[in-house]
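# Structural characterization, general
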Amino acid sequence: REVIGRQVGHLARLLDDLLDVSRLSLGKVALRCETVDMDRVVDDAIETVRGQIESAGQSLEVRVTPGVTLEGDQTRITQVVANLLN
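A few points on the structure. Everything numeric in this text was worked out from a predicted model, so none of it was measured.

The next thing to look at is the nonpolar core. Listed in full, the 9 residues of the largest apolar core are Val36, Met38, Val41, Ala45, Val49, Ile53, Ile77, Val81 and Ala82. When contributions to this core are tallied by element, the ones reaching two or more residues are α2 (38-55) and α3 (74-85). By residue number, the principal contributor to this core is α2, which donates 5 residues. Look past the residues within four positions of isoleucine 77 in its chain and what remains in contact with it is Val36, Met38, Val41, Leu70 and Gly72.

In structure tokens:
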């Protein structure tokens, strides 16, 4: 169940990414800029790629300076960090 749940999550994110490409090519991407907590971004990105890390037998150690924020679209920034981890 755990593996299936992770795979469904990966497929859903893949579909979202494909839809984003379509929206981008049509000029319909809407960014929701807000103050973004980098701790949360990194945690969410790690959760996105955790299955791939585990299945590859790899480990990941992360050190984030607490309280770091930036202005941007949290979803897009999380995607960028997850892509870098991939």
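Using the criterion set out here, one finds 3 salt bridges in the structure. For the salt bridge of arginine 40 with aspartate 44, the shortest nitrogen-to-oxygen distance reads 3.6 Å. Taken as a pair, arginine 40 and aspartate 44 lie in helix α2 at a separation of 4 residues, close to a single helical turn. In this structure, the salt-bridge partner of glutamate 47 is arginine 50, at a minimum N-O distance of 3.3 Å. Here the residue glutamate 47 and the residue arginine 50 both occupy positions in helix α2, the gap between them amounting to 3 residues, near one helical turn.

Here the focus is the environment of glutamate 54. Mapped onto the elements of the fold, glutamate 54 is located in helix α2. When its relative accessible area of 45% is taken as the criterion, glutamate 54 is described as partly exposed. C-alpha of glutamate 54 to C-alpha of arginine 6: the two residues are 48 residues apart in sequence and 11 Å apart in space.

For the rest of this paragraph, the subject is helix α1 (residues 2-25). Between the first and last C-alpha of α1 there are 35 Å, a value that for 24 residues agrees with the 34 Å anticipated at 1.5 Å per step. The set of residues buried in α1 consists of Gly9, His10 and Asp20. Residues of α1 that are buried in the fold lie against α2 and α3. In the segment just after α1, glycine 27 is the residue with positive phi, at about 70°.

The N-to-C vectors of α1 and α2 enclose an angle of 125°; their axes lie 10 Å apart at closest approach. Overall, the two elements α1 and α2 adopt an arrangement that is oblique. Classified by chirality, the crossing of α2 by α1 is left-handed. Counting all contacts with α1, which are made through Arg6, His10 and Arg13, the residues of α2 involved are Thr48, Gly51 and Glu54. Of the residues that constitute the contact of α1 with α2, the class distribution is no nonpolar, 3 polar and 3 charged.

Rules used in this analysis
- Chains are numbered independently. Their residues run from 1 in the order of the written sequence.
- For a predicted model such as this one, the threshold for reporting local features is a pLDDT of at least 70, and the threshold for listing and counting side-chain atom pairs is 80 or more; totals across whole chains, interfaces and linings nevertheless cover every residue.
- Just so you know, side-chain values use all the structure's heavy atoms and leave hydrogens and water out.
- In this description, a nonpolar core means a group of buried Ala, Val, Leu, Ile, Met, Phe, Trp, Tyr and Cys residues linked to one another through side-chain atoms lying within 4.5 Å.
- For each residue, the accessible area found with a 1.4 Å probe, counting protein chains only, is set against the maximum for its type, and the residue is called buried under 20%, exposed over 50%, and partly exposed in between.
- Counting from the N terminus, the helices are the DSSP runs of H or I reaching at least four residues and the strands are the DSSP runs of E reaching at least two.
- Here a residue-residue contact requires only that any non-hydrogen atoms of the pair lie within 4.5 Å.
- A pairing counts as a salt bridge when a side-chain nitrogen of Lys or Arg comes within 4 Å of a carboxyl oxygen of Asp or Glu.
- Expected span, for any helix, means 1.5 Å times one less than how many residues it has.
- Interaxial angle, 0 to 180 degrees, is taken between N-to-C directions of lines fitted to C-alpha atoms, where a helix line uses only the stretch in contact.
- Relative orientations are named as follows: roughly parallel for angles under 35 degrees, roughly antiparallel for angles over 145 degrees, roughly perpendicular for angles from 65 to 115 degrees, and oblique for any other angle.
- Two helices crossing with the near one rotated counterclockwise from the far one by less than a right angle form a left-handed crossing, whereas a clockwise rotation gives a right-handed crossing.
- Under the scheme applied, nonpolar residues are Ala, Val, Leu, Ile, Met, Phe, Trp, Tyr, Cys and Pro; charged residues are Asp, Glu, Lys and Arg; polar residues are all the others, including Gly.

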